[in-house]
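The chain contents come next:
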There are 2 protein chains.
Amino acid sequence: MKAVVLLSGGLDSSTVLYQAKVDGCECYAISFDYQQRHQRELESATAIAHMAGVREHQVVAFDLRLWGGSALTDSAINVPEGRSLDEMAQSIPVTYVPARNTIFLSFALAYAETINSQRVYIGVNALDYSGYPDCRPDYVQAMQEVFRLGTRQGREGQPISIMTPLIDLKKTEIIQLGNQLGVPWEQTWSCYTGGEVACGVCDSCQLRLAAFAELGLQDPLPYAAKSH
Amino acid sequence: MKAVVLLSGGLDSSTVLYQAKVDGCECYAISFDYQQRHQRELESATAIAHMAGVREHQVVAFDLRLWGGSALTDSAINVPEGRSLDEMAQSIPVTYVPARNTIFLSFALAYAETINSQRVYIGVNALDYSGYPDCRPDYVQAMQEVFRLGTRQGREGQPISIMTPLIDLKKTEIIQLGNQLGVPWEQTWSCYTGGEVACGVCDSCQLRLAAFAELGLQDPLPYAAKSH
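These notes cover the structure that comes with them.

Scoring rules and cut-offs
- Residues numbered from 1 in each chain as written.
- Chains lettered and ligands numbered in written order.
- Predicted model: local features only at pLDDT ≥ 70, side-chain atom pairs only at ≥ 80, totals over all residues.
- Helix = DSSP H or I, 4+ residues; strand = E, 2+ residues; numbered from the N terminus.
- Buried ≥ 20, exposed ≤ 12 C-beta atoms within 10 Å, placed from the backbone.
- Contact = placed C-beta atoms within 7 Å.
- Least-squares fit on C-alpha atoms with pLDDT ≥ 70 in both.
- Core = buried A, V, L, I, M, F, W, Y, C linked by C-beta atoms within 7 Å.
- Pairing = 2+ DSSP bridges.
- Axes fitted to C-alpha atoms, helices over the stretch in contact; angles between N-to-C directions.
- Parallel < 35°, antiparallel > 145°, perpendicular 65-115°, else oblique.
- Nonpolar A, V, L, I, M, F, W, Y, C, P; charged D, E, K, R; others polar.
- Arc of directions from axis to C-beta.

Attention now goes to the overall build of chain A. Within chain A, the regular secondary structure consists of 8 helices and 5 strands. The secondary structure elements of chain A, listed N-terminal to C-terminal, are β-α-β-α-β-α-α-β-α-α-β-α-α. Counting across all 228 residues of chain A, residues that qualify as buried make up 54%. For chain A, contacts bridging at least 24 residues in sequence account for 72% of all contacts bridging at least 6.

Written out as structure tokens, the structure reads:
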């Protein structure tokens, strides 16, 4: 069975790719170059795709920066640092990029239908303070309807399924799953900033470090600073 | 009120833009350069956007050609010519591009949320033999749910509305509407091929010519051949 896997190069999507392999899928990875502040995560995606032995890895480039509105794409907005986990849980964060997962899933859908794939895997996760509207189960359900109604494959045959193996997992559980699956953590990249090494203080680094610490495990990735 | 208008430069989307103006909207046009076989329709979109006095016109470039699978993007598949209207009605045509409207609407959604727009206009049309799965009302309904659930604006305020003023109109009715609104037909481009003048024999040219003929009107666009 063919599967398209959305691969950012982060901890979550890398785990999803290895899960898709275990599910018996022949994997086609897709990543996006949308002029995010740094290219580091794209390099991670390429390395992970190679190590996981995907059949093909597509990198789709487009310009989302012109829209601004997010700390991840607009250099005028600072990536928050050193926030507590409770502060992160308050609201949709400034790292929210308008309609990002909708764009990503749309391209994945096009890719899946073109290669006649039955599944699209995405590493969305509704827990652990992410706060993003386009990571929640009701949103995924709505996109599943779009997958069914918006394609030839969905109208005339079997709709392409959106697979979200991480949606109900805590970050610690994702790391446990990834450990079982042999995900090469040292190749992944979660940091929102683009330094030589991960910053250790942005929301994403903090969530990752806290989860490794809670499990009593060592994150093999080097960090500039560690809050946990 | 701000509105994002999906503008291909064709008869339908040009009419939609003029309708959005009449609805009292400040218009932001968005077009796509996805390595379609010709750039002619993008030139039309730019001309129409200028004539309609939009506030801004964004052209988003990405590469969809690598996926193939459609006569509009894959040069190995021929655009059908000289089909009867009944033949067109049989099935989803080879000019279907996988997930195209889903990708277009996703970018429009991102644009709309970034500029804090309340509406996205799209010239989909469920009648007149188009046959595309992503032009039908149930599909638009599903995307509306994605607009509601997949954005900050939809979760915390008023969801962005998808406006489909042409969805129930026949091609002749669209032309009558466009005539009332003063759409400059000579600037629009509907042809699926990329010649100096419109071919007159592809499905899109035929539908357009048949509709003008039915109304007893002259299409001001020059054609290489005319079947009606």
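You can overlay chain A on chain B at an RMSD of 0.0 Å; the transform is a turn of 180° with a shift of 0.0 Å along its axis. Both copies of the chain, as the preceding transformation shows, are related through a two-fold rotation axis. Considering only C-alpha atoms, the residue of chain A closest to the rotation axis is Phe62(A), which sits at 2.6 Å. Take the interface residues of chain A: 100% of them recur as interface residues in chain B, which is what a same-surface contact looks like.

Not every positive phi belongs to a glycine, and Ala99(A) is a case in point at roughly 60°. Summarising the element assignment, Ala99(A) is placed in the loop between α3 (85–88) and α4 (100–115). Positive phi, close to 60°, is recorded for Asn116(B), a residue that is not glycine. Note that Asn116(B) resides in the loop between α4 (100–115) and β4 (119–121).

Another aspect to go through is the nonpolar core. Residues Val5(A), Ala108(A), Val120(A), Val5(B), Ala108(B) and Val120(B) are the most contacted members of the largest nonpolar core, which totals 140 residues. Discounting residues that sit within four places of it in the chain, Ala108(A) has contacts with Val4(A), Leu6(A), Ile30(A) and Val120(A).

Let us look at the sheet that holds β4(B). Residue and element names in this part refer to chain B. Here we have 5 strands laid out as an open sheet, ordered β3-β2-β1-β4-β5, and parallel in their pairing. The sheet is open, and its two borders are formed by β3 (56–61) and β5 (161–163), each paired with just one other strand. The mean inter-strand angle of the sheet, taken between neighbouring strand axes irrespective of direction, is 25°. Taken together, the 3 bridges between strand β1 (residues 2–6) and β4 define a ladder with parallel strand orientation. Within the sheet, the bridge partner assigned to valine 4 lies in β4 and is valine 120.

Put simply, α4(A) and α4(B) touch, their axes get as near as 9 Å, and they point 170° apart. One element, α4(A), and the other, α4(B), form an angle in the roughly antiparallel class. Taking contact as the criterion, the partners of Thr102(A), Ile103(A), Ser106(A), Phe107(A), Leu109(A) and Ala110(A) in α4(A) are, on α4(B), Thr102(B), Ile103(B), Ser106(B), Phe107(B), Leu109(B) and Ala110(B). Considering only residue class, the contact of α4(A) with α4(B) consists of 8 nonpolar, 4 polar and no charged.

What follows concerns helix α7 (residues 171–181) of chain B. One full turn of an α-helix is made of 3.6 residues, so residues set three or four places apart face in the same direction. Residue and element names in this part refer to chain B. Within the sequence span of α7, burial applies to Lys171, Ile174, Ile175 and Gly178. Relative to the axis of α7, the buried residues are bounded by an arc of 100° and lie together on one face. Contacts made by the buried residues of α7 are with α1 (11–22) and α8 (203–214). Once α7 finishes, glycine 182 follows within two positions and takes phi at roughly 75°, a positive value.

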